[in-house]
Amino acid sequence: MKKKNSLAYKFLYRMNLIWINVAVIILIAGLSFYAYIKDGHPLLFVLSLVLMLLIVGCDIVITVLRRRKVLKEAENLGIVDESGTVCTGLLDAMQLPTFIVSTEGKLLWANMDFKDMCEKVRLRPSAVVEKVFSQEIYGKLTPETEALNGTVEIKTRSFRFFASHVAAGEELAEGGVAICVYFFDVTAVEKLKSLYRTNKVVLGEILIDNYEEIYQANGENVANQVLLAVNEIFAKWIEGKNAIIKGLARERYIIVLTEESLSRLEEEQFMVLESVKKISVGNSIQVTLSIGISSNRLELTDRAFEALIDDDTGDEQFLKAFDDSLPEHFANVDELLNLSLSRGGDQAIVRIGTDKRNTLYFGGSEIDTDREDMVAVRVLAGQLKNAILNSSKVLVMGHAAADLDALGSALAIYRISVSLGKSAYVVLGGPNSQILVMYNTLIQSGEYTGVFISESEALNILDDETLTIVADTFSAKQCESPDVVKNSRNIAVIDHHRRGVDAIEHAIINYTDTRASSASELVVELLRYIFPSEKILKKLEAETLYGGILVDTKNMFFKTGRRTFEVCSYLRQLGVVPVAVRKYIQPSYEDYKKINAIVSGMKFMTINGKGVAVTTCELSRSEANTLAPIAADKMLEIAGVDCSFVIIKQDDDTAIKARSLGEVNVQLILENQAINGGGHFTAAAGLLKNCTPEKAETLLLGILKNEGIKNPD
């Protein structure tokens, strides 16, 4: 039916009035002649002849006027050749939907194919012109722009458009310039691209974090029941999704799915993580999963498809989109699984493409629990001892703007190395307000002359046999000397933070335990296995370690467990007096005033049932690392505050320090792609480049409302 209407419309549109008049003349002449022959009335015949002559004369006048008008329009639109011959049928002959508008968007001309296109999308031509001009052309096609192209969605169809300036008469368009736009229907291509995106195969691996612990604690029968329960949950989880899960080993599974299915899993926040925690088949240990998935969804670009059409298989965008390497994806999956385990497990990590910054985290919402098994600690203690013994010297460092935990763990590693007969040094750029009192006490003792060295001194003595040990941070960027780490062949990392995407990659030893209270706790545990019957630590070193634990646990309030108290008990045996250690962690009077000023500017709000405290201030970079965390902790002491955020202006950048009481995971909040921070469940930080505090606060609150804080169950 639509085709018939279209043909009728074309017929009427193209019908020439002259031919209609000719038909009328013939009809009148025939009737007059018939009347004259039959009735013999010559007057009627004469009148008919006069009428026919008038019609013919009118036709001649109309034809002349119309031709002049067409010629004028053709000249105005620039569709005449150099000799002046009119080419009015040229654009119609292109068989591409085309229209010409003024630079203000007024429709000047459109061909029949454009009208047919408008019929297909069931919109008036003027409506289509207005949509395309206002959304895609206005303000974009400037006199300096030679041409413009893009893709526009009109109703359910997609069109590729091309727009450029054309010459036009002054009467028709201001300035003698109009805009010619023509279209290609690319609906099928766009749908194929969408199908390609959504149906790309994605690889992943799933690990039951604590299967061995369940097996050892509850026996084989319970462990098998756990596996059956996990398999049932997996079957329900992927039901109705284009995905499969197959077992690789008892506690390992491979998952193969499509990008569309992955998007659905992400929307559901990988609810399987919570489902497996509810398994109760006689297991005394809660079941948790680690999931690593490698995706390539962001690499599909228009340039990639252009390279495909041009057969340019060496183009970078083509390689990213179409030359997926299964071994590379499996390597990514393995790395992500290890990253999840190093962050404490109980989470899913999705990496998009090859850029580590495009990493998404899901789950990990539970506070790390204490771990009874010390086998791993004993094994790592042996590895660390051998690495020290096989080195020429040892360089130790913590993170930049060191606190007592970084300093204490570095001093303990220094003491271990010296006790094993190796030369050792602590790389420290200089004391800050967090460690100033302890640093001065250490120097005044006279036992640490030449122990603390600068970055340049460390680089001068660094050789291929040097062992560089980084404590209390996983990041090369955040450590005291990134250049030393970069140039070291042998690196060991000892940390209690959840690893991020910028973790040191080439470490020969990587001991990360997110369930520990502090790096000091981890180092003391290692020390006790390396020297099981000797107390090698000096009293000042023990006090620094104890102070580090107090700092990271907020005076034993956060993240303490059996292991923490065992380490503190060991340090007490070395002569540590808790009250005396407080002098090393108390802020100065001037710092205390600044902290109070930060807290006094606090704004309190309730988001999804949780109390949120936010304050903004301006501090130097060193103060941001020392005073802002204390201010964030102070805000948590206020009734009703579940999490606190200190937003700090630093030149053109803005830093964020976050703390929580444990019900809100500030690590996941600041790990959002817009911030790219990290840290712990209860303590995290982030840095926004070229961002004002006002924008940072708006961004943070948006994350809190939409993603960061969920309504309580």
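Since the structure is predicted, the reported quantities are computational estimates derived from the model, not experimental observations.

Scoring rules and cut-offs
- Residues numbered from 1 in each chain as written.
- Predicted model: local features only at pLDDT ≥ 70, side-chain atom pairs only at ≥ 80, totals over all residues.
- Heavy atoms only, no water.
- Core = buried A, V, L, I, M, F, W, Y, C linked by side-chain atoms within 4.5 Å.
- Buried < 20%, exposed > 50% of the residue type's maximum accessible area, 1.4 Å probe, protein only.
- Helix = DSSP H or I, 4+ residues; strand = E, 2+ residues; numbered from the N terminus.
- Expected span 1.5 Å × (residues − 1).
- Arc of directions from axis to C-beta.
- Contact = heavy atoms within 4.5 Å.
- Axes fitted to C-alpha atoms, helices over the stretch in contact; angles between N-to-C directions.
- Parallel < 35°, antiparallel > 145°, perpendicular 65-115°, else oblique.
- Left-handed = near helix turned anticlockwise from the far one by under 90°.
- Patch = residues over 30% accessible without salt bridge, like charges linked within 9 Å, V, L, I, M, F, W, Y side chains within 5 Å.
- Areas by Shrake-Rupley, 256 points an atom, 1.4 Å probe, with all protein chains shown as cover.
- Salt bridge = Lys/Arg side-chain N within 4 Å of Asp/Glu carboxyl O.
- Pairing = 2+ DSSP bridges.
- Phe/Tyr/Trp six-rings, centres within 6.5 Å; stacked < 30°, edge-to-face > 60°.
- Lys NZ or Arg CZ within 6 Å of the ring centre and 35° of its normal.
- pLDDT = per-residue confidence, 0-100.

Moving on, we come to the nonpolar core. Judged by nonpolar contacts, the single largest core of 60 residues is most densely connected at Leu384, Ile416, Phe452, Ile469, Ile494 and Leu571. The dominant element in this core, judged by the number of residues it contributes, is helix α15 (residues 404-419), at nine residues.

This part is about helix α23 (residues 589-600). Taking 1.5 Å per residue, twelve residues should reach 16 Å; α23 reaches 17 Å between its end C-alpha atoms and fits that length. Those residues of α23 that fall on the buried side of the exposure criterion are Asp591, Ile595, Ile598 and Val599. The buried residues of α23 all sit within an arc of 95° when viewed along its axis, so they share a single face. Exposed and facing more than 90 degrees away from the buried side of α23 are Tyr589 and Ser600. Residues of α23 that are buried sit in contact with β19 (610-618), α24 (621-636) and β20 (643-650).

So, about the packing of α23 against α24. Relative to each other, α23 and α24 sit at 55°, their axes nearing to 9 Å. Considering the angle they form, α23 stands oblique to α24. In the crossing of α23 with α24, the sense of the turn from one axis to the other is right-handed. Of the residues in α24, those in contact with Asp591, Tyr592, Lys594, Ile595, Ile598 and Val599 of α23 are Glu623, Leu627, Ile630, Ala631, Lys634 and Met635.

With that settled, consider a nonpolar patch on the surface. A surface patch of nonpolar side chains, about 260 Å² in accessible area, is lined by Val50, Leu51 and Leu54. Structurally, Leu54 is set in helix α3 (residues 42-77). For Leu54, a relative accessible area of 54% corresponds to the exposed category.

Before going further, it helps to examine the sheet that holds β20. Spatially, six strands are ordered β18-β19-β20-β21-β23-β22 in an open sheet, and the strand pairing comes out mixed. For this open sheet the edge positions go to β18 (603-607) and β22 (678-679), each flanked by a neighbour on one side alone. Pairing between strand β21 (residues 653-660) and strand β23 (residues 683-688): six bridges, direction antiparallel. Each bridged residue has a counterpart across the sheet, and for Lys657 the counterpart in β23 is Ala685. On the sheet, α24 packs against β19, β20 and β21 and is oriented at approximately 155° with respect to β20.

It is worth spelling out the packing of aromatic side chains at this point. Throughout the structure, instances matching the rule amount to 15 aromatic pairs. Centre to centre, the rings of Phe234 and Trp237 are 6.3 Å apart; their planes meet at 40°, and the pair counts as tilted. With Phe234 and Trp237 both in helix α8 (residues 211-237), this residue pair falls three residues apart, about one helical turn. For the pair shown, Phe234 and Trp237 are each scored as buried. In this arrangement the basic side chain of Arg250 is found over the ring face of Tyr215, its NZ or CZ atom lying 5.7 Å from the centre.

Our next topic: helix α9 (residues 259-267). Where α9 is concerned, the buried positions are Glu259, Ser261, Leu262, Leu265 and Glu266. Down the axis, α9 shows its buried residues gathered within 155° of arc, on one side only. Just beyond α9, the residue with positive phi is Gln269, at close to 60°.

A word on the sheet that holds strand β7 (residues 243-247). Read from one edge of the open sheet, six strands run β7-β8-β6-β9-β10-β11, paired in mixed fashion. Of all strands in the sheet, those with a lone pairing partner are β7 and β11 (359-363), marking the two edges. For this sheet, the mean angle separating the axes of adjacent strands, direction not counted, is 15°. With seven bridges connecting them, strand β6 (residues 201-208) and strand β8 (residues 252-258) associate as antiparallel partners. When the bridges of β8 are listed, Leu207 appears paired with Arg252. The strands touched by α9 are β6, β8, β9 (289-295), β10 (347-352) and β11; relative to β8, the strand with the most contacts, the crossing angle is about 110°.

In this sheet, strand β5 (residues 177-185) lies alongside strand β1 (residues 98-102) in antiparallel orientation, the contact comprising five bridges. Bridge pairing links Thr98 to Tyr182 in β5. Across nine bridges, strand β4 (residues 157-167) lies against β5 in antiparallel orientation. Residue Phe162 lies in a different strand from β5, and its bridge partner there is Tyr182.

Quick look at the confidence of the model for the chain now. Per-residue pLDDT for the chain averages 82, and the proportion of residues at 70 or more is 83%. Low pLDDT, under 50, characterises residues 9-15; the predicted model gives this stretch ten contacts beyond four residues in sequence or across chains. This model gives residues 367-372 a pLDDT under 50, and the stretch forms 19 contacts once residues within four places in sequence are excluded.

On to unusual backbone geometry. Phi at Lys155 takes a positive value of approximately 55°, unusual for a residue other than glycine. With respect to the helices and strands, Lys155 occurs in the loop between β3 (147-154) and β4. We classify Lys155 as exposed; its relative accessible area is 54%.

This next bit is on the pattern of salt bridges. Applying the stated criterion to the full structure yields 20 salt bridges. A salt bridge links Asp464 to Arg489; the shortest N-O distance between them is 3.7 Å. Pair noted here: Asp464 is in the loop between α17 (455-461) and β15 (467-471) and Arg489 is in the loop between α18 (482-486) and β16 (490-495), with a separation of 25 residues, a long-range link. The class for Asp464 is partly exposed, based on a relative accessible area of 46%. Take Arg489: its relative accessible area is 54%, and that puts it in the exposed class. Put simply, Asp513, Glu521, Glu525 and Arg563 are held in one network by salt bridges that share partners.

All right, on to the environment of Leu308 then. Tracing the sequence through the fold places Leu308 in helix α11 (residues 302-309). Take Leu308: its relative accessible area is 41%, and that puts it in the partly exposed class. Taking the C-alpha atoms as reference points, Leu308 and Leu319, separated by eleven residues in sequence, lie 9.8 Å from one another. For Leu308, the contacting residues outside a window of four places in its chain are Phe318 and Phe322.

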